[in-house]
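# Coordinate analysis (summary)
This is what each chain is made of:
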Amino acid sequence: MEFLSNKPLLITDTILRDAHQSQAATRMTLEDMLPACEVLDSIGYYSLECWGGATFDSCLRFLNEDPWERLRQLRAHLPHTKLQMLFRGQNILGYKHYADDVVDEFCAKSIENGIDIIRIFDALNDVRNLEQAIKSTKKYGGQVEATLSYTISPIHNEDYFVKLGRELEEMGADALCIKDMANLLLPMDAYSLVKRLKETVSIPIHLHTHNTSGTGDMVYLMAAMAGVDIVDTALSPLANGTSQPATESLVATLRGTVRDTGLDLGKMSEAAVHFRKVAERLKASGALDPKVLNVDTNTLLYQVPGGMLSNLISQLKQAGKEDKYYDVLAEIPRVREDFGYPPLVTPSSQIVGTQAVMNIIFGERYKNFPKESRAMLRGEYGKLPGTVNEEVRAKAGIKPEDVITCRHADLIEPELPKYREQYKGLARSEEDVLSLALFPQVAEKFIKLRNTRHPLGQRFIKPLEHAEKVERHIAPLSRKK
């Protein structure tokens, strides 16, 4: 089998975001990151994923950090590398749909404070939930990486994802991401899907997977053979298991081939020395449980992402029903089918998982529905990919005429004026308003403490002006024909 591309494979390193989100509950601090920035910036990555996902909530809730200040600091300390974030479409970084004006302002401020590339995904692959974020990212000069949330079901097959990829390119995506959040994409399937997408779309293909089920390295090798343009890896101290495959291993594997990354293993080793100390600290604090480093083939059997598995264990422990673990794992695919086969990624993974736990611990299926389950069945998260079990929907108290069929955000009035008025006196910036809009209780507590500590509003550094912030001297990845 020959390589179908002779261009160097580009690497996005996730050490500053998904690596520690997947292994250590997003507990890496800015203080942990800054000492390594100079060497990270010199490696020559395509980009560094450093923001979005759960980092925003975690900064406010657990780390007593302003997420916007984190972004400004990283931008200042990584002047030569594109910075990338993960964005949940109409959910932004929260767990419900927000009005279009909030989505627009969040994109504007993310780019203004230092983000170059916004990876935009929707848990249900409902492209209507990506429209506003795509439009806003392009309006403010960011690069759009539109996303296929990869999963397996009777309706999710290669044709489905190729059609979706074509649709996202037509919507204005600058690149296309295959987001394999549960490590379900197997190596030969990766080769086939990437090959077909390369034949179908003209924009770069970026592949994201984990190593939960132990196949991640093989997935990347086969995708590289098929011509994938960019892949996500993590530096070795926080790689593998529920995180991404190790950067150094892939770089070494491709050395001397037509897809040689050209990256310096010596510099990676230097950065790894620092992050090994960070990983040890996270282990000592209990944030990093060594179990997350294990290969768990239950992922392939039950299609449950690694982070979701640990969530289920926690819920069952709290209910004193740990012995029901395998019953819950067996229930998840049944709930998923009843709910119309949503891909299991935030927030749908939490919704389906919690419903499965409740079905088992109450001893009766659908005796209780969390409000999020009702919202999903009503269409508040978008169009469910498959056919919903109407008996289950009726049990949730939802009539056929109550189901939302339009783009849900079209029903939400502009919210920014309300938030600005509500938080007048507390918010010191538009960024504060956005933090409070997304996480009202957590952000309010943080901002009150910060305002007390810094009554004059001092910051580590002044927000950088557009001209100083970063010369966009890294050319955007060219469109490939």
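This text goes with the structure placed above it.
Residues numbered from 1 in each chain as written. Predicted model: local features only at pLDDT ≥ 70, side-chain atom pairs only at ≥ 80, totals over all residues. Heavy atoms only, no water.

A few words on the overall build of the protein chain. Of the regular secondary structure elements, the protein chain holds 22 helices and eight strands. Since a compact globule built from 481 residues should have a radius of gyration of about 23 Å, the 22 Å found for the protein chain is in line with a globular shape. Seen along its three principal axes, the alpha-carbon backbone of the protein chain occupies a region of about 65 × 60 × 45 Å. Here the protein chain holds 481 residues, and 60% of them are scored as buried. Put simply, of all contacts in the protein chain between residues at least 6 apart along the chain, 78% involve residues at least 24 apart. A total of about 19,400 Å² of accessible surface is found on the protein chain, and carbon and sulfur atoms cover 52% of it. Within the protein chain, one finds 60 positive and 65 negative side-chain charges whose respective centroids are separated by 2 Å. (Helix = DSSP H or I, 4+ residues; strand = E, 2+ residues; numbered from the N terminus. Rg over C-alpha atoms; globule rule 2.2 N^0.38 Å. Buried < 20%, exposed > 50% of the residue type's maximum accessible area, 1.4 Å probe, protein only. Contact = heavy atoms within 4.5 Å. Areas by Shrake-Rupley, 256 points an atom, 1.4 Å probe, with all protein chains shown as cover. Lys, Arg positive; Asp, Glu negative; His and termini not counted. Charge placed at Lys NZ, Arg CZ, Asp CG, Glu CD.)

This part takes up the packing of aromatic side chains. Across all of its chains, the model carries 13 aromatic pairs by this definition. An angle of 50° between the planes, with centres 5.1 Å apart, marks the rings of W68 and F106 as tilted. Remark: F106 occurs in helix α6 (residues 100-112) and W68 occurs in helix α5 (residues 67-77); sequence separation between them is 38 residues. Each member of the pair, W68 as well as F106, carries the same accessibility label: buried. Put simply, the rings of W51, F56, W68, F87, F106 and F439 touch in pairs and so form one group of aromatic residues. K418 extends its terminal NZ or CZ atom over the ring of Y419, reaching a point 4.7 Å from the ring centre. (Phe/Tyr/Trp six-rings, centres within 6.5 Å; stacked < 30°, edge-to-face > 60°. Lys NZ or Arg CZ within 6 Å of the ring centre and 35° of its normal.)

What follows covers α6. The end-to-end C-alpha distance of α6, which contains 13 residues, comes to 18 Å, matching closely the 18 Å that a straight helix rising 1.5 Å per residue would cover. Across the 13 residues of α6, 10 count as buried, placing the element largely inside the fold. Of the residues one or two after α6, G114 is the one with positive phi, at around 135°. (Expected span 1.5 Å × (residues − 1).)

Turning to the sheet that holds strand β3 (residues 82-87), a few remarks are in order. Taken in spatial order, the eight strands of this closed barrel run β1-β2-β3-β4-β5-β6-β7-β8, and their pairing is parallel. Pairs of neighbouring strands in the sheet enclose a mean axial angle of 30°, with direction left out of account. Across five bridges, strand β5 (residues 143-149) lies against strand β6 (residues 175-179) in parallel orientation. For T147, the partnering residue across the bridge sits in β6 and is C177. Sheet contacts for α6: β2 (47-52), β3 and β4 (117-120); angle to β3, the most-contacted strand, approximately 160°. (Pairing = 2+ DSSP bridges. Axes fitted to C-alpha atoms, helices over the stretch in contact; angles between N-to-C directions.)

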